[in-house]
Amino acid sequence: MNEEESVLLARGLRKEYGSGEGLVRAVDAVDLEVARGETLAIMGPSGCGKSTMLHLMGGLDRPSAGELWLNGSRIDRLSERGLAQLRRHEIGFIFQAFHLMDELTAQENVELPALLAGRSPREARRRAFQLLDQVGLGERATHLPSALSGGQRQRVAIARALANEPLLVLADEPTGNLDSAATLEVLRLFEDLHTGGLTLVVVTHDERIAATADRMISMRDGAFVDETRLTGSTSGNLAGLIGLGS
Amino acid sequence: MQQEVVLAMLAKEPSQGFQLRARLDQALGALGEAMNDGQIYVTLGRLEKAGLVVRQHVPISADRRGPKVYELTATGQERVSEWLGEVSWPKPDLAEFHLKLIAAAAAGLADPIGIVDVQRRELIRRLREAQRAAMAESDGSEAGLLLEGITLRLQADLRWLEACERSWTDRRKRS
């Protein structure tokens, strides 16, 4: 794989804060390739640098050194304006706290990114309906976020992340505020989107998300320390785990 | 599988073997596939020998007999009540793994962190399997609740492995 074939490519990526004795290497010489259609989970304890890594990938922050490529174009040297364009058109974000606009309906929340990207209101509306339908909330389009459950709010936020058909969706602890049942809703949705070809990078503490990804990377002290490819691998002994089977 | 489970599943009503099987499948979902019919019939045979169940024809009318069904005896009923009241919980065996790490490090035979990594991969695979099975269940299904228990337990084990890794990494830095 090279920068032509992967959606995202990082080479020697670094992010440092402070200097001298107080120098913190939040991201320390990381190499990464994310293939088209892949779901990647980055796991690690608080402070390991995984959120910084996500911010770099999404153009929310600039690396101190290294190269970052999105779909074959180098993005680490873009101007502020270029980065804003990138975030608006090419990348979808999903956050732990949903970050929906409380005074807008589900549908208006989903329309917003399309309107900001310059689409016509009619087109934005059509796309929002279609996306809410896709996440199973077609009938709740006119509800305010306050009238939705946590799992439903996160599904609205996921629909919003997809509004401009991004190349890459980045999620930061998407199930951090959700109970078991709502987590299951979100995981089912991710699975559907994965089948539809979505490229997704999730940073998380939640082992359940990591376990359902195609690939899992463990991060410690700013570096990737372990990688596990999970597709096609099962131990085939689930029943044995709970005392069933012979 | 414990004999008492089969016994308790019969408490609802006298049943044929296949009806019992269906009840277990409903409760266990995909996990039920791991049980074979043979196991259930062997267990029923043992229970019959122990006097906890009887197998007899149900009369349909004065001159017609229905199929043979398994039915709890009075002793069987009593055993089910006792079993429901018992407090038991499966024990995970963490001590063995803990001692494996200590022995490996002490003898310089293997890297404890490497052992943790291998174990983590295995648990993540199991979690993947359990989570995918849970995602395939409809909301509120009986089997879904069991799978939730399995995934929560595996998550706890994975978190402990993370603590093991942290601790062994710190020890390595200190030495």
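Residues numbered from 1 in each chain as written. Chains lettered and ligands numbered in written order. Predicted model: local features only at pLDDT ≥ 70, side-chain atom pairs only at ≥ 80, totals over all residues.

Student: Just checking my understanding: could you explain the overall build of chain B for this structure?
Tutor: Counting its secondary structure elements, chain B contains seven helices and two strands. Here chain B has a C-alpha radius of gyration of 23 Å; the compact-globule value for 175 residues is 16 Å, and the former is much larger. In terms of overall dimensions, chain B has C-alpha extents of about 85 × 35 × 25 Å along its principal axes. Across the 175 residues of chain B, 22% fall into the buried class. (Helix = DSSP H or I, 4+ residues; strand = E, 2+ residues; numbered from the N terminus. Rg over C-alpha atoms; globule rule 2.2 N^0.38 Å. Buried ≥ 20, exposed ≤ 12 C-beta atoms within 10 Å, placed from the backbone.)

Student: Explain the sheet that holds strand β1 (residues 6-17) of chain A to me, please; I cannot follow it from the model alone.
Tutor: Backbone-to-backbone hydrogen bonds pair the strands of a sheet. The strands run either parallel or antiparallel. The four strands are arranged β2-β1-β4-β5 (chain A) in an open sheet whose pairing can be described as antiparallel. Taken across any chain shown, the strands that pair with only one partner, and hence form the sheet edges, are β2 (24-35) and β5 (73-74) of chain A. (Pairing = 2+ DSSP bridges.)

Student: Is there a simple way to think about the sheet that holds strand β7 (residues 168-172) of chain A in this case?
Tutor: Residues and elements named next belong to chain A. Strand order in this open sheet of six strands is β6-β7-β8-β3-β9-β10, and the pairing throughout is mixed. This sheet does not close on itself; its edge strands, each paired only once, are β6 (91-94) and β10 (223-229). Averaged over all pairs of adjacent strands, the angle between strand axes in this sheet comes to 20°, irrespective of strand direction. Pairing of strand β9 (residues 215-220) with β10 involves six bridges; the strand directions are antiparallel. Pairing of Arg220 across the sheet is with Ala223, part of β10. Packing against the sheet, helix α1 (residues 50-57) makes contact with β3 (39-43), β7, β8 (200-204) and β9, and its axis sits at approximately 155° to β8. (Axes fitted to C-alpha atoms, helices over the stretch in contact; angles between N-to-C directions. Contact = placed C-beta atoms within 7 Å.)

Student: I'm lost on the environment of Ala114(A) in this one. Help?
Tutor: Position of Ala114(A) relative to the elements: it lies in helix α3 (residues 106-116). Beyond its immediate chain neighbours, meaning those up to four positions away, Ala114(A) contacts Arg119(A), Glu123(A), Ala124(A), Arg127(A), Ala163(A) and Asn164(A).

Student: Sorry if this is basic, but what is going on with the nonpolar core here?
Tutor: Soluble globular proteins: nonpolar side chains tend toward being buried together. In this structure, Ala41(A), Ile42(A), Leu132(A), Leu170(A) and Val201(A) are the most contacted members of the largest nonpolar core, which totals 77 residues. The element that contributes the greatest number of residues to this core is helix α7 (residues 142-174) of chain B, accounting for six residues. In contact with Val201(A), other than residues within four places in its own chain, are Val34(A), Leu40(A), Ile42(A), Met57(A), Leu168(A) and Leu170(A). (Core = buried A, V, L, I, M, F, W, Y, C linked by C-beta atoms within 7 Å.)

Student: Whenever I open this one, helix α5 (residues 150-161) of chain A confuses me. Can you help?
Tutor: Side chains of residues three or four places apart in an α-helix project in the same direction, reflecting 3.6 residues per turn. All names here are of chain A. The end-to-end C-alpha distance of α5 is 16 Å, a good match for the 16 Å that twelve residues give at a rise of 1.5 Å each. Taking burial as the measure, the twelve residues of α5 include ten buried ones, the bulk of the element. Looking at α5, one finds that the buried residues are Gln152, Arg153, Gln154, Arg155, Val156, Ala157, Ile158, Ala159, Arg160 and Ala161. Those residues of α5 that are buried lie in contact with β6, α3, α4 (121-134), β7 and α6 (180-195). (Expected span 1.5 Å × (residues − 1).)

Student: Before we go on, may I ask you to explain the domain arrangement of chain B in this structure?
Tutor: Think of interface size as the accessible area that goes away when the parts come together; that is how it is often given. Residue and element names in this part refer to chain B. Splitting chain B by domain gives domain 1 (3-85) and domain 2 (94-174). Contact residues are listed per partner, giving six residues for domain 1 and six residues for domain 2. Tallied by class, the residues present in the side of domain 1 that touches domain 2 amount to four nonpolar, two polar and no charged. (Domains from an automatic or database assignment. Nonpolar A, V, L, I, M, F, W, Y, C, P; charged D, E, K, R; others polar.)

Student: What am I meant to see in the confidence of the model for chain A here?
Tutor: A low pLDDT means the predicted coordinates there should not be read in detail. Averaged over chain A, the pLDDT score is 91; the fraction of residues at 70 or greater is 92%. Looking across chain A, the model is least confident in helix α8 (residues 238-241) of chain A, with a mean pLDDT of 66, and most confident in β7(A), with 97. (pLDDT = per-residue confidence, 0-100.)

Student: How do you make sense of the pairing of β8(A) when you look at a structure like this?
Tutor: The side chains of a regular strand alternate, first on one face of the sheet and then on the other. All names here are of chain A. Most of β8 sits out of view: five of its five residues are buried. Burial of β8 is two-sided: the residues Leu200, Val202 and Thr204 facing one way and the residues Val201 and Val203 facing the other way are all buried. For β3 and β8, the ladder comprises five bridges, and the chain directions are parallel. If you follow Ile42 over to β8, its bridge partner there is Val203. Where β7 lies against β8, four bridges are found, and the strand directions are parallel. Bridge pairing links Val169 to Leu200 in β8. With respect to chirality, the unit in which β7 leads through α6 into the neighbouring parallel β8 is right-handed. (Right-handed = clockwise from strand over helix to strand, strands pointing away.)

Student: I tried to follow the packing of α3(A) against α5(A) on my own but got confused; where do I start?
Tutor: The axes of two packed helices give the description: the angle between them and the distance between them. Residue and element names in this part refer to chain A. Running from amino to carboxyl end, α3 crosses α5 at an angle of 25°, the nearest separation of the two axes being 8 Å. As far as their axial angle goes, α5 and α3 are roughly parallel. In terms of crossing hand, the pair formed by α3 and α5 is right-handed. Of the residues in α5, those touching α3 at Ala106, Asn109, Val110, Leu112 and Pro113 are Val156, Ala159 and Arg160. Residues of the contact of α3 with α5, tallied by class, amount to six nonpolar, one polar and one charged. (Parallel < 35°, antiparallel > 145°, perpendicular 65-115°, else oblique. Left-handed = near helix turned anticlockwise from the far one by under 90°.)

Student: Sorry if this is basic, but what is going on with the environment of Leu162(A) here?
Tutor: All names here are of chain A. For Leu162, the position within the fold is in the loop between α5 and β7. Residue classification places Leu162 among the buried positions, given that 21 C-beta atoms sit within 10 Å. For Leu162 and Leu189, which are 27 residues apart along the polypeptide, the C-alpha to C-alpha distance reads 12 Å. Excluding residues that lie within four positions of it along the chain, Leu162 makes contacts with Gly92 and Leu131.

Student: Is there a simple way to think about the packing of α3(A) against α4(A) in this case?
Tutor: All names here are of chain A. At a minimum axis separation of 8 Å, α3 and α4 run at an interaxial angle of 130°. Accordingly, the angle class assigned to the pair α3 and α4 is oblique. For the pair α3 and α4, the sense of crossing is right-handed. Here α3 contributes Ala106, Gln107, Val110, Glu111, Ala114 and Leu115 to the contact with α4, which in turn contributes Pro121, Glu123, Ala124, Arg125, Arg127, Ala128, Phe129, Leu131 and Leu132. Taken together, the residues of the contact of α3 with α4 break down into ten nonpolar, one polar and four charged.

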